[in-house]
Amino acid sequence: MGWRSSKTKRKGKIMQKITNQMMKQYEAIRKSGVCNMYDYYAVQQEASATNFYALASLSREEYKILLINFNYLMKKYKIKQE
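Small disclaimer: the values here were computed from a predicted structure and weren't measured.

Focus on the nonpolar core
Point 1. Core analysis: the largest hydrophobic core is formed by 24 residues, its most contacted members being I18 and M23.
Point 2. Those elements that provide at least two residues to this core are α1 (2–17), α2 (20–32), α3 (40–49), α4 (53–56), α5 (60–68) and α6 (70–76).
Point 3. Residues contacting I18, with those up to four places away along its chain left out, are M23, L58, E62, I65, L66, L73 and Y77.

Here it is in structure tokens:
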């Protein structure tokens, strides 16, 4: 059970690190349709090219947490999907 609690704590810390600004930047890239949003490296490249440095700063593990919790985070920050 110990490994689960440490994994849950790490996920909680990562969830706190994902900000409203990051989610808005993610949504802007998603709406543009320039890359597959499951492709971490393509999203990072596009984020850097469009000066979305907050989104570009996410590690691969943090990005995975963002993808898994996408709907929750969009609701949390009240960002509408189109």
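Let's talk about α5
Point 1. Buried residues of α5: E62, Y63, I65 and L66, and no others. The buried residues of α5 occupy one face: seen down the axis, they fall within an arc of 155°. Pointing more than 90 degrees away from the buried face of α5 are the exposed residues R60, K64 and I68.

Re the packing of aromatic side chains
Point 1. The full count for this structure, using the stated rule, is four aromatic pairs.
Point 2. For the pair Y40 and Y41, a centre-to-centre distance of 5.1 Å together with 75° between the ring planes defines the contact as edge-to-face.
Point 3. Classification of Y40 as buried rests on a relative accessible area of 15%.
Point 4. Here Y41 falls in the exposed class, since its relative accessible area comes to 54%.
Point 5. Three or more aromatic residues joined by ring pairs make a cluster, and in this case those are Y26, Y40, Y41, Y63 and F70.

Overview of unusual backbone geometry
Point 1. For N51, which is not glycine, the phi torsion reads 60° and is therefore positive.
Point 2. Tracing the backbone shows N51 in the loop between α3 and α4.
Point 3. Accessibility expressed as a relative area gives 48% for N51, which makes it partly exposed.
Point 4. In this structure, K78 takes a positive phi of about 55° despite not being glycine.
Point 5. Tracing the sequence through the fold places K78 in the segment after α6.
Point 6. Given the relative accessible area of 74%, K78 is considered exposed.

Basis of the calculations
- Residues numbered from 1 in each chain as written.
- Predicted model: local features only at pLDDT ≥ 70, side-chain atom pairs only at ≥ 80, totals over all residues.
- Heavy atoms only, no water.
- Core = buried A, V, L, I, M, F, W, Y, C linked by side-chain atoms within 4.5 Å.
- Buried < 20%, exposed > 50% of the residue type's maximum accessible area, 1.4 Å probe, protein only.
- Helix = DSSP H or I, 4+ residues; strand = E, 2+ residues; numbered from the N terminus.
- Contact = heavy atoms within 4.5 Å.
- Arc of directions from axis to C-beta.
- Phe/Tyr/Trp six-rings, centres within 6.5 Å; stacked < 30°, edge-to-face > 60°.

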